[in-house]
Amino acid sequence: MGSETKIDLLMAVHSHQPDGNFEWVFAEAYEKSYLPFLGMLYQHPNIKASLHYSGCLLEWIIGKHPEFIKMLKEMVGRGQIEMLSGGYYEPILSLIPERDILGQIKLMNEKIEKLTGYRPSGVWLTERVWEPTLIKPLVKAGIKFTIVDDWHFTYVSQKPDDLSGYYVTEDEGEKLFIFPGSERLRYTMPFRLPHETIDYMRQSRDKGLNSRIYADDGEKYGIWPGTFKWVFEERWLENFMNALDAESGWLKTTTFSEYIKANG
């Protein structure tokens, strides 16, 4: 592959606190994870990401830290952030009736649009639980894409390291785009040195792939044991974003909606 060949990195980060959780848990998660993560992203405007915050968490942030919402809205407005929808109270969608799926997503979409001006077309699946029965209600709710773990594809004889971009699934003519989230990236980000993720992206590009997908929990960045020290005090996140900026000639971050538009 020539040096001009490029690859996209699509990153989805999901953040959630259960309704009724202790106040100190919300506060600690905000101070150690949600705020410093978004703040670091804000300082790197060329790095794009797709973010999901559950309705319960959004309500707490609105009440306690409206400045966070202001920063998020600015980043959405400049095209850096794509907001992902989902069940407002973070239910496992495949376990609730269709009317409730539609109601939960409608509530989430209205909240996101009111706060940021953005109408989501993608959905985060609670606990990353996927069932084909979700296709029709998601499409009915105005959803175009979602993200699943790459191991789902092994059941149809696909190798995770060969997966790239999106795949189309359908139910009675209703179509949904499915992005395979890389298990390998979930283990390197943020638990390995930044160059290991960069090297894996370079290897993926050199084998002819045009994208890789990362999708995981925001709490990994500051709340999981030992991660605040590693991610922020020892500057993993800053170093990783600096590396993405340095390699932007061939490694481009993009949102899921942008990727679909460019490759549809």
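Enquirer: Break down the overall build of the protein for me, with residues and values.
Expert: Assigned secondary structure in the protein consists of 10 helices and nine strands. Taking 264 residues into account, the globule formula puts the C-alpha radius of gyration at 18 Å, and the protein, at 18 Å, falls close to it. In terms of overall dimensions, the protein has a C-alpha envelope of 50 × 50 × 30 Å along the principal axes. The 264 residues of the protein split such that 51% are buried. Within the protein, contacts between residues at least 6 apart in sequence are counted, and of these 77% link residues at least 24 apart.

Enquirer: With reference to specific residues and values, describe the packing of aromatic side chains.
Expert: Going through the model one piece at a time under the given rule, you end up with 20 aromatic pairs. Centroid distance Phe179 to Tyr259: 6.1 Å. Interplanar angle 70°. Geometry classified as edge-to-face. Here Phe179, found in strand 7 (residues 174-181), pairs with Tyr259, found in helix 10 (residues 256-263); they are 80 residues apart in sequence, far enough to count as distant. The residues Phe179 and Tyr259 share a single accessibility class, namely buried. Connected via pairs of aromatic rings, a cluster forms that spans Phe145, Tyr166, Phe177, Phe179, Phe256 and Tyr259. One cation-aromatic arrangement involves Arg78 over Tyr42; the distance from NZ or CZ to the ring centre is 4.5 Å. Directly above the aromatic system of Trp250 lies the positively charged group of Arg205, at a separation of 4.9 Å from the ring centroid.

Enquirer: Report on the sheet that holds strand 6 (residues 167-171), specifying residues and quantitative values.
Expert: Read across the open sheet, the four strands follow the order 4-5-7-6; overall the sheet is mixed. Each of the sheet's edge strands pairs with one partner strand only, and the pair in question is strand 4 (122-123) and strand 6. The pairing of strand 5 (residues 145-149) with strand 7 spans five bridges and is classified as parallel. What sits directly across from Val148, in strand 7, is Pro180.

Conventions used here
Residues numbered from 1 in each chain as written. Predicted model: local features only at pLDDT ≥ 70, side-chain atom pairs only at ≥ 80, totals over all residues. Heavy atoms only, no water. Helix = DSSP H or I, 4+ residues; strand = E, 2+ residues; numbered from the N terminus. Rg over C-alpha atoms; globule rule 2.2 N^0.38 Å. Buried < 20%, exposed > 50% of the residue type's maximum accessible area, 1.4 Å probe, protein only. Contact = heavy atoms within 4.5 Å. Phe/Tyr/Trp six-rings, centres within 6.5 Å; stacked < 30°, edge-to-face > 60°. Lys NZ or Arg CZ within 6 Å of the ring centre and 35° of its normal. Pairing = 2+ DSSP bridges.

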